[in-house]
Amino acid sequence: VENRVTRVVDASAVNAIVTTTGLDRLYDLAIDRLNAMLVEYTRGTVDLKERDGFVLSAPHDGLLEWMPAIRRGSTVSVKMVGYNPHNPLTYRLPTILSTLYVFDAATGHLRSVIDGTFATALRTGAASAIASRILARPGARTVGLIGCGAQAVTQLHALSRVFDVNEVLVSDLDATSEKTFARRSRFPADRVRVASPAEVERHADIICTATSVAPGAGPVLSGDNLRPGVHINSVGSDMPGKCELPRSLLRQAVVCPDHPAQAAREGECQQLDPEEIGPSLFDLVQSPALADPLREVLTVYDSTGLALQDLAMAELFEDLAVAYEVGHELVIETNAGDPQDPYAFLADAQPDRVDEPRNAYA
Ligand SMILES: NC(=O)c1ccc[n+]([C@@H]2O[C@H](COP(=O)([O-])OP(=O)(O)OC[C@H]3O[C@@H](n4cnc5c(N)ncnc54)[C@H](O)[C@@H]3O)[C@@H](O)[C@H]2O)c1
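Now for a look at the structure at hand. (Residues numbered from 1 in each chain as written. Predicted model: local features only at pLDDT ≥ 70, side-chain atom pairs only at ≥ 80, totals over all residues. Heavy atoms only, no water.)

**Quick look at the sheet that holds strand E8 (residues 142-146)**
Then comes step 1: Spatially, seven strands are ordered E10-E9-E8-E11-E12-E14-E13 in an open sheet, and the strand pairing comes out parallel. The open sheet has two edge strands with one neighbour each: strand E10 (192-194) and strand E13 (254-257). Averaged over all pairs of adjacent strands, the angle between their axes in this sheet comes to 20°, without regard to strand direction.
Then comes step 2: Strands strand E11 (206-209), strand E12 (231-234), E13 and strand E14 (299-302) of the sheet are contacted by helix H4 (residues 117-135), whose axis makes an angle of about 155° with E12.
Then comes step 3: Helix H5 (residues 150-160) contacts E8, strand E9 (167-171), E11 and E12 of the sheet and is inclined by roughly 165° relative to E8. (Pairing = 2+ DSSP bridges. Helix = DSSP H or I, 4+ residues; strand = E, 2+ residues; numbered from the N terminus. Axes fitted to C-alpha atoms, helices over the stretch in contact; angles between N-to-C directions. Contact = heavy atoms within 4.5 Å.)

**Some remarks on the site of the ligand**
Then comes step 1: Surrounding the ligand, one finds 25 residues, the nearest of these being Thr 95, Asp 172, Thr 211, Asp 238 and Lys 242.
Then comes step 2: Here the ligand has 860 Å² of accessible area as a free molecule, and 89% of this is covered by the chains.
Then comes step 3: When contributions to the shell around the ligand are tallied by element, the ones reaching two or more residues are H4 and H5.
Then comes step 4: Residues belonging to the shell around the ligand are distributed by class as follows: eight nonpolar, 12 polar and five charged. (Near = heavy atom within 4 Å. Areas by Shrake-Rupley, 256 points an atom, 1.4 Å probe, with all protein chains shown as cover. Nonpolar A, V, L, I, M, F, W, Y, C, P; charged D, E, K, R; others polar.)

**Things to note about the pairing of strand E4 (residues 62-71)**
Then comes step 1: The element E4 is extensively covered by neighbouring structure, given that seven of its 10 residues are classed as buried.
Then comes step 2: Relative to E4, strand E2 (residues 46-48) runs antiparallel, the two being bridged by three bridges. When the sheet's bridge partners are listed, Asp 47 is paired in E4 with Ile 70.
Then comes step 3: Strand direction decides the pairing type here: strand E3 (residues 52-56) and E4, joined by five bridges, are antiparallel. (Buried < 20%, exposed > 50% of the residue type's maximum accessible area, 1.4 Å probe, protein only.)

**Considerations on the nonpolar core**
Then comes step 1: Within the largest apolar cluster, 54 residues are counted, with the highest numbers of intra-cluster contacts made by Ile 134, Leu 281, Leu 284, Leu 308, Met 313 and Phe 317.
Then comes step 2: Here this core takes 10 residues from helix H11 (residues 307-324), the largest share from any one element.
Then comes step 3: Excluding residues within four positions of it along the chain, Phe 317 makes contact with Val 14, Ile 17, Leu 26, Ile 114, Phe 118, Ala 119 and Leu 122. (Core = buried A, V, L, I, M, F, W, Y, C linked by side-chain atoms within 4.5 Å.)

**With respect to the packing of aromatic side chains**
Then comes step 1: Scanning all chains against the criterion turns up three aromatic pairs.
Then comes step 2: Ring geometry for Phe 118 against Phe 317: centres 6.2 Å apart, planes inclined by 85°, an arrangement best described as edge-to-face. Taken together, the residues Phe 118 in helix H4 and Phe 317 in helix H11 connect sequence positions 199 residues apart.
Then comes step 3: In this structure, Lys 242 packs its charged tip against the face of Tyr 83, placed 4.2 Å from the ring centre. (Phe/Tyr/Trp six-rings, centres within 6.5 Å; stacked < 30°, edge-to-face > 60°. Lys NZ or Arg CZ within 6 Å of the ring centre and 35° of its normal.)

**Section: the pattern of salt bridges**
Then comes step 1: All chains considered together, the criterion is met by 20 salt bridges.
Then comes step 2: The partner of Asp 310 in a salt bridge is Arg 123, with the nearest N and O atoms 2.9 Å apart. Of the two residues, Asp 310 sits in helix H11 while Arg 123 sits in helix H4, which places them 187 residues apart along the sequence. Each member of the pair, Asp 310 as well as Arg 123, is classed as buried.
Then comes step 3: Here Arg 227 and Asp 205 are joined by a salt bridge, their closest N and O atoms 3.3 Å apart. Placement of Arg 227 in the loop between E11 and E12 and of Asp 205 in the loop between helix H7 (197-203) and E11 is noted, with a sequence separation of 22 residues between them.
Then comes step 4: Overall, Arg 227 belongs to the partly exposed group, its relative accessible area being 37%.
Then comes step 5: According to the relative accessible area criterion, Asp 205 is buried, its value standing at 18%.
Then comes step 6: What you see here is one network of salt bridges that share partners, running through Asp 24, Asp 28 and Arg 161. (Salt bridge = Lys/Arg side-chain N within 4 Å of Asp/Glu carboxyl O.)

**Some remarks on the packing of H4 against H5**
Then comes step 1: Taken N-terminus to C-terminus, the directions of H4 and H5 make an angle of 45°; their axes are 8 Å apart at the nearest point. With respect to H5, the axis of H4 lies oblique. Of the two possible hands of crossing, H4 and H5 adopt the one that is right-handed. Contacts between H4 and H5 involve Thr 120, Ala 121, Leu 122, Thr 124, Gly 125, Ala 126, Ser 128, Ala 129 and Ser 132 from the former and Gln 151, Thr 154, Gln 155, Ala 158 and Leu 159 from the latter.
Then comes step 2: Taken together, the residues that form the contact of H4 with H5 break down as six nonpolar, eight polar and no charged. (Parallel < 35°, antiparallel > 145°, perpendicular 65-115°, else oblique. Left-handed = near helix turned anticlockwise from the far one by under 90°.)

Structure representation (C-alpha cells):
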C-alpha cells in the first residue's frame with residue numbers, strides 16, 4: 001500500500017516540523033544537507049536539469065518555473081515556483097510561492113507534495129551561509145541587507161548560524177519593508193538599523209542583496225563605498241536581465257556562481273565574460289584550498305537558486321515528516337488493483353488479481 005499513498009506536507013505539517021525541530025536547528029540541518037548536495041553533485045549521485053518556465057506579462061509581469069533534480073536510483077523532485085513581485089501589495093501573497101513534488105525514481109509514484117515556499121526561503125538563506133562561510137572573513141559581525149522582504153529574513157537567520165552577527169543594517173525602497181524587518185526576522189530589534197545603501201556599503205562585513213528589482217532596473221548599490229574584503233551574496237539576480245550589482249564592482253571581485261551556466265544566463269555573471277568568472281561553489285567545496293586567498297578580497301556569491309537545493313529540502317522535509325508522523329496521506333493515483341485495468345478504481349472493478357509473477361521459462 002505504501003507505494004500508493006502520497007504524503008502531503010502542508011502548512012500545518014511544516015508548522016509541526018519547525019516547532020518540533022526549532023528554527024535554529026532546522027537551519028543547521030539545511031546547511032548540512034546543502035553542503036552534502038554540493039559534494040554529491042561532483043560525484044554524480046545527484047543531477048539537475050536546466051530550469052525552464054513561462055515568462056508572464058498578464059495580468060502582471062512574473063514567472064512560473066519548474067526546477068527538476070534527481071537522486072539517482074531513488075528520488076526525482078520538481079519544484080514549481082512563481083515569482084510575482086506584485087503579489088505582496090496586490091494580493092497579500094508572497095512574491096515567491098512554491099510547491100515541491102517528490103517522485104519515486106524507480107516507479108514514477110508521487111511520494112510527497114510539500115510546501116515549497118518556506119523550503120525555498122530556508123534553502124536560499126542556507127546557501128548564502130555556506131558561501132559566506134567559505135568566502136567571508138570569519139570575524140564578520142555586521143550584516144547589510146539591501147531589499148528586506150521574505151528572503152532577507154532567511155539570509156540573516158542562516159548567516160547568524162555561521163557568524164556572530166551583532167549588527168544588521170537594512171535598506172529597501174519600501175519604508176514599510178524596512179520598518180517591519182526586525183519584527184519579521186525575530187532578530188533583536190535593538191541590533192537592527194535602517195540605513196541607506198551607501199551606509200550599508202560603508203559598515204557591512206557581509207551584504208546580501210535580495211531585491212525584487214525589475215530586469216534592467218539595477219544595480220541596487222553603487223559599490224563605491226565598500227569595506228575592503230567584504231563578501232556579497234547576490235540573491236535577487238535570478239532571471240535574464242535582472243542584476244543587482246554594478247559591472248564595475250563585479251570586475252573587481254572574485255565572482256563565485258552557484259551554477260556557472262545558469263548564472264551566466266540569469267545571474268550577475270550575465271555581466272561578465274566567461275574568463276572573468278571565478279570558481280563555483282561546487283569547486284570551492286571540492287577544493288577548499290581555493291578559498292584561502294579569497295577571504296581577504298572582495299567576493300560575490302552569485303546565487304541563482306538550484307534545483308539540487310530543492311531536492312535537498314524535499315528529502316529533509318520528507319524525513320522529518322515521516323519521523324514526526326505529520327502530514328496527510330492521500331491516495332491520488334488511480335492505480336488500485338489490476339495494473340493493466342485503467343478502470344480499476346471504479347466500483348464495478350474486479351477485486352485485486354494477485355497472480356504469481358509469470359516466468360516464461362517455467
Ligand atoms: N537566488 C535564489 O535562490 C533565490 C530564491 C528565492 C528568491 N530569490 C530572489 O530574491 C529576491 C527577493 O525575493 P523576496 O521573496 O524576498 O521578495 P519580496 O517581495 O518579499 O522582497 C523584495 C524587496 O525588494 C525591495 N526592492 C525592490 N527593488 C529594490 C531596490 N532597487 N532597492 C532596494 N530594495 C528594492 C522591495 O521593496 C521588497 O521589499 C527576488 O528577486 C527573488 O527572485 C532568489
